[in-house]
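Spelled out, the chains give:
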Amino acid sequence: MATRIMLVCAAGMSTSLLVTKMEVAAKEAGEEVEIFALPLTEGEKIIDTVDCVLLGPQVRYAKKEVEKIIADTGKDIPYDVIEMKDYGMMNGKAVYEFAKKLMGR
């Protein structure tokens with residue numbers, strides 16, 4: 001089964017571009033992964049089905065809320081805020097590597 005990485009964003013415009021670049025990095029690494037972006041209101045409904053949650057820098061204020069949502073699932077899902085520099089540069093490879101590091105891979 002493919003690893004699932006969810007990016008939490010505000011509206012999803014720039015984040016969808018980052019998702020595409022992350023998918024390219026995963027493909028180049030020969031890894032099967034499903035990466036997608038959702039606003040937190042939608043993402044919280046399926047958060048228990050993902051392996052990693054990355055928050056866009058513009059929604060870093062929601063980190064505590066994500067922490068609580070994950071705790072409520074009873075699962076140990078790694079999560080963190082994407083580095084502003086990597087997000088701004090749309091560095092899909094760096095963000096994908098960050099996700100892998102969070103997941104201990």
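Predicted, not measured: the structure shown is a model, and the values here were computed from it.

## Quick word on the overall build of the protein chain
Move 1: The helix and strand tally for the protein chain stands at 5 helices and 4 strands.
Move 2: Secondary structure of the protein chain in N-to-C order comes out as β-α-β-α-β-α-β-α-α.
Move 3: In terms of overall size, the protein chain behaves like a compact globule, its C-alpha atoms giving a radius of gyration of 12 Å where 105 residues would be expected to give roughly 13 Å.
Move 4: Out of the 105 residues in the protein chain, the part that is buried amounts to 45%.

## Considerations on the side chain of K100
Move 1: For K100, the position within the fold is in helix α5 (residues 92–102).
Move 2: Beyond its immediate chain neighbours, meaning those up to four positions away, K100 contacts E31 and R105.

## Here we look at the UniProt feature "modified residue: Phosphocysteine" (unreviewed entry) in the protein chain
Move 1: In the numbering adopted here, UniProt assigns the feature "modified residue: Phosphocysteine" (unreviewed entry) to C9.
Move 2: In this fold, C9 is placed in strand β1 (residues 3–9).
Move 3: Among all residues touching C9, those that are not within four sequence positions of it are T15, A37, L38, P39, L40, Q58 and V59.

## Section: the sheet that holds strand β3 (residues 52–55)
Move 1: Across the sheet, 4 strands lie side by side as β2-β1-β3-β4; this open sheet has parallel pairing. In the strand order of this sheet, the two ends are held by β2 (33–39) and β4 (79–81), each with one partner. Adjacent strand axes in the sheet meet at a mean angle of 20° when their direction is disregarded.
Move 2: Both β1 and β2 contribute to a ladder of 7 bridges, which runs parallel. When the sheet's bridge partners are listed, C9 is paired in β2 with P39.
Move 3: Sheet strands touched by helix α3 (residues 63–73): β3 and β4. Its angle to β4, the strand with the most contacts, is close to 175°.

Basis of the calculations
- Residues numbered from 1 in each chain as written.
- Predicted model: local features only at pLDDT ≥ 70, side-chain atom pairs only at ≥ 80, totals over all residues.
- Heavy atoms only, no water.
- Helix = DSSP H or I, 4+ residues; strand = E, 2+ residues; numbered from the N terminus.
- Rg over C-alpha atoms; globule rule 2.2 N^0.38 Å.
- Buried < 20%, exposed > 50% of the residue type's maximum accessible area, 1.4 Å probe, protein only.
- Contact = heavy atoms within 4.5 Å.
- UniProt positions renumbered as here; feature names shortened; annotations may be inferred.
- Pairing = 2+ DSSP bridges.
- Axes fitted to C-alpha atoms, helices over the stretch in contact; angles between N-to-C directions.

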